Amino acid sequence: MSGVMKRMGMIFRAKANKALDRAEDPRETLDYSYQKQLELLQKVRRGVADVATSRKRLELQLNQLQSQSSKLEDQGRKALALGREDLAREALSRRAALQQQVTDLETQHSTLQGEEEKLTLAAQRLQAKVDAFRTKKETIKATYTAAQAQTRIGEAFSGISEEMGDVGLAIQRAEDKTAQLQARAGALDELLASGALDDPTGIARDDIQTELDRLSGGTDVELELQRMKAELAGGPSAGQQAIEGGTGRPQSQQQPQDTPRFDKQ
Amino acid sequence: MIVRIMGEGQWKLADSHFVELNKLDDDLLAEMESGDEDGFHRTLGALLDAVRRLGAPLPDEALEPSELILPAPDASLEEVRDMLSDDGLIPG
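Residues numbered from 1 in each chain as written. Chains lettered and ligands numbered in written order. Predicted model: local features only at pLDDT ≥ 70, side-chain atom pairs only at ≥ 80, totals over all residues. Heavy atoms only, no water.

Moving on to the overall build of chain B. Scanning chain B from N- to C-terminus turns up three helices and four strands. In sequence order, the secondary structure elements of chain B are arranged as β-β-α-α-β-β-α. Counting every position in chain B, which comprises 92 residues, the buried fraction comes to 43%. Residue pairs in contact within chain B that sit at least 24 positions apart in sequence constitute 68% of those at least 6 positions apart. With an accessible surface of roughly 4700 Å², chain B has 51% of that area assigned to carbon and sulfur atoms. (Helix = DSSP H or I, 4+ residues; strand = E, 2+ residues; numbered from the N terminus. Buried < 20%, exposed > 50% of the residue type's maximum accessible area, 1.4 Å probe, protein only. Contact = heavy atoms within 4.5 Å. Areas by Shrake-Rupley, 256 points an atom, 1.4 Å probe, with all protein chains shown as cover.)

In structure tokens form, the structure reads like this:
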């Protein structure tokens, strides 16, 4: 696959691209990098294991060749002891061929051992780097999550302040309305007091006033009736007597005396 | 394999679907390189539709690395070309 998908994937993986950051979670990128590093480490380790396996196989071959070489040497020695120089020569020439193979294998073995050591060292270094990256990645992820949380808290706060603003507005509206009603009531009172408006709500006061008026008015009527009855019965003095406590003296005789008496009091 | 459509999310697709996707993907690359803007948008739309149709969407909270990434549906040919240039959008 070499199309757009693959290439974009590769570029994404290779570069911390700001435009891509908008679409990608940076924690995902970090985890991906870590996963890739682990895969690389795994490959290196597998490489070390492969080289070690090859080295061991070479060692086995070397052992076999060396035992064959020893066997041929023994055979040569025995052949010589038996006076069979031809056989001894054959054994030694075969042994010489084996020795050449042993030398070649030993060279290969030494090369592989060197490679193995290098790879082991590389794997160790890579392991250390991957471990360090893992720690850093977790720190960055934690920081990112914390930043995200902070943003959310900030958003929550601004949401709360908006809400508080709404409450404030509602209170303001309520206050305005109260003030408006108070002003209206005050204005109505003034208008009623000035007589510009009839009081449509002052029914209770009117009832009381009417009753008081009725009572006081009624008393006056009763008093007037009694006075008139007294006048008719015994003249003005009799009426005056009845009203003033019934002294029995005629009003014409008592008037001059009565006035100074009132003055003294 | 997991494919991300930028700005949309991720889809999990079976490997068997990649024959069809690869064909569209190669066409897309060819159209991008030849500067065929109309063809590019047509093929990109078809490719994105195929991913959505053939794949199972991954939940937003899933943290799975995307192996393949596709441009956003409204990406222009020029933007994609810039992203695919040697340096990408950020050099280095």
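Back to the text.
Residue and element names in this part refer to chain B. Every second residue of strand 1 (residues 2–5) is oriented toward a common face, with Ile 2 and Arg 4 on one face and Val 3 and Ile 5 on the other, all of them buried. Of the strand pairs in this sheet, strand 1 and strand 2 (residues 9–12) are connected by four bridges, and their pairing is antiparallel. When the sheet's bridge partners are listed, Val 3 is paired in strand 2 with Trp 11. Between strand 1 and strand 2, which follow one another and run antiparallel, lie three residues, and Gly 7 among them has a positive phi close to 80°. Across three bridges, strand 1 lies against strand 4 (residues 68–70) in parallel orientation. In the sheet register, Arg 4 faces strand 4, and the bridge partner there is Ile 69. (Pairing = 2+ DSSP bridges.)

The next subject is the sheet that holds strand 2 of chain B. Residues and elements named next belong to chain B. Reading across from one edge, 3-2-1-4 is the order of the four strands in this open sheet, with mixed pairing throughout. Both outer strands of the open sheet, strand 3 (56–57) and strand 4, are each paired with one neighbouring strand and no more. Along the sheet face, helix 2 (residues 37–54) touches strand 1, strand 2, strand 3 and strand 4 and points at about 130° away from the line of strand 1. (Axes fitted to C-alpha atoms, helices over the stretch in contact; angles between N-to-C directions.)

With respect to the secondary-structure elements, Leu 119 of chain A resides in helix 4 (residues 85–194). Once residues lying within four places of it in the same chain are set aside, the contact partners of Leu 119 of chain A are Val 44, Gly 47, Val 48 and Val 51 of chain A.

A word on the pairing of strand 2 of chain B. Sheet topology places strand 2 of chain B next to strand 3 of chain B; two bridges connect them, and they run antiparallel. What sits directly across from Trp 11 of chain B, in strand 3 of chain B, is Pro 57 of chain B.

Residue and element names in this part refer to chain B. Among the secondary structure elements, Thr 43 is positioned in helix 2. Judged by relative accessible area, Thr 43 falls into the buried class, the value being 10%. If sequence neighbours within four positions are ignored, Thr 43 has contacts with Leu 24, Asp 27, Leu 28 and Glu 31.

What follows concerns the pattern of salt bridges. Residues and elements named next belong to chain A. Scanning the entire structure with this criterion turns up 15 salt bridges over all chains. With its nearest N and O atoms 3.0 Å apart, the salt bridge here joins Arg 77 to Glu 73. One end of the pair, Arg 77, and the other, Glu 73, are both in helix 3 (residues 26–81), four residues apart, so they sit about a helical turn from each other. When its relative accessible area of 28% is taken as the criterion, Glu 73 is described as partly exposed. A salt bridge links Glu 90 to Arg 94; the nearest nitrogen and oxygen atoms lie 3.0 Å apart. (Salt bridge = Lys/Arg side-chain N within 4 Å of Asp/Glu carboxyl O.)

Our focus in this paragraph is the confidence of the model for chain A. Residue and element names in this part refer to chain A. With 54% of its residues at a pLDDT of at least 70, chain A reaches an overall mean of 71. Across chain A, element-level confidence peaks in helix 3 with a mean pLDDT of 86 and bottoms out in helix 6 (residues 251–264) with 44. Note that residues 16–21 has pLDDT below 50 and, in this model, seven contacts with residues that lie over four places away or in other chains. Contacts of residues 238–265 to residues separated by more than four positions or lying in other chains number 18 contacts, the stretch itself having pLDDT below 50. (pLDDT = per-residue confidence, 0-100.)

Nonpolar side chains in soluble globular proteins tend to be buried together. Counting residues in each nonpolar core, the largest one holds 29 residues, and the members touching the most others are Val 3, Leu 21, Val 51, Leu 70 and Val 80 of chain B. When residues of this core are traced back to their parent elements, those giving at least two are helix 1 (4–14) of chain A together with strand 1, helix 1 (18–34), helix 2, strand 4 and helix 3 (77–84) of chain B. With residues up to four places along the chain from it excluded, the contact list for Leu 70 of chain B reads Met 5 and Met 8 of chain A together with Val 3, Arg 4, Ile 5, Met 6, Leu 47, Leu 48 and Val 51 of chain B. In this structure, Leu 58, Leu 72, Ala 91 and Val 102 of chain A belong to the second largest nonpolar core, which totals eight residues. (Core = buried A, V, L, I, M, F, W, Y, C linked by side-chain atoms within 4.5 Å.)

Residues and elements named next belong to chain B. Looking at chain B, the pLDDT average stands at 84 and 87% of residues meet or exceed 70. Predicted confidence in chain B is weakest over helix 3, with a mean pLDDT of 83, and strongest over helix 2, with 94. In this model residues 88–92 is a low-confidence stretch, pLDDT under 50, and it forms twelve contacts with partners more than four residues away in sequence or in other chains.

In this section: helix 1 of chain B. Residues and elements named next belong to chain B. Across its 17 residues, helix 1 extends 24 Å between first and last C-alpha, which sits within 8% of the 24 Å expected from 1.5 Å per residue. Here helix 1 has its buried residues at Phe 18, Leu 21, Leu 24, Asp 25, Leu 28, Leu 29, Glu 31 and Met 32. Here the buried residues of helix 1 occupy an arc of 165° about the axis, which is enough to place them on one side. Set apart from the buried face of helix 1 by more than 90 degrees, the exposed residues are Val 19, Lys 23, Glu 33 and Ser 34. Where helix 1 terminates, the next one or two residues include Gly 35, which has phi positive at roughly 80°. (Expected span 1.5 Å × (residues − 1). Arc of directions from axis to C-beta.)

Residues and elements named next belong to chain B. At a minimum axis separation of 10 Å, helix 1 and helix 3 run at an interaxial angle of 100°. Put simply, helix 1 runs roughly perpendicular to helix 3. Contacts between helix 1 and helix 3 involve Leu 29, Glu 31, Met 32 and Glu 33 from the first element and Leu 77, Val 80, Arg 81 and Leu 84 from the second. In terms of residue class, the contact of helix 1 with helix 3 is made up of five nonpolar, no polar and three charged. (Parallel < 35°, antiparallel > 145°, perpendicular 65-115°, else oblique. Nonpolar A, V, L, I, M, F, W, Y, C, P; charged D, E, K, R; others polar.)

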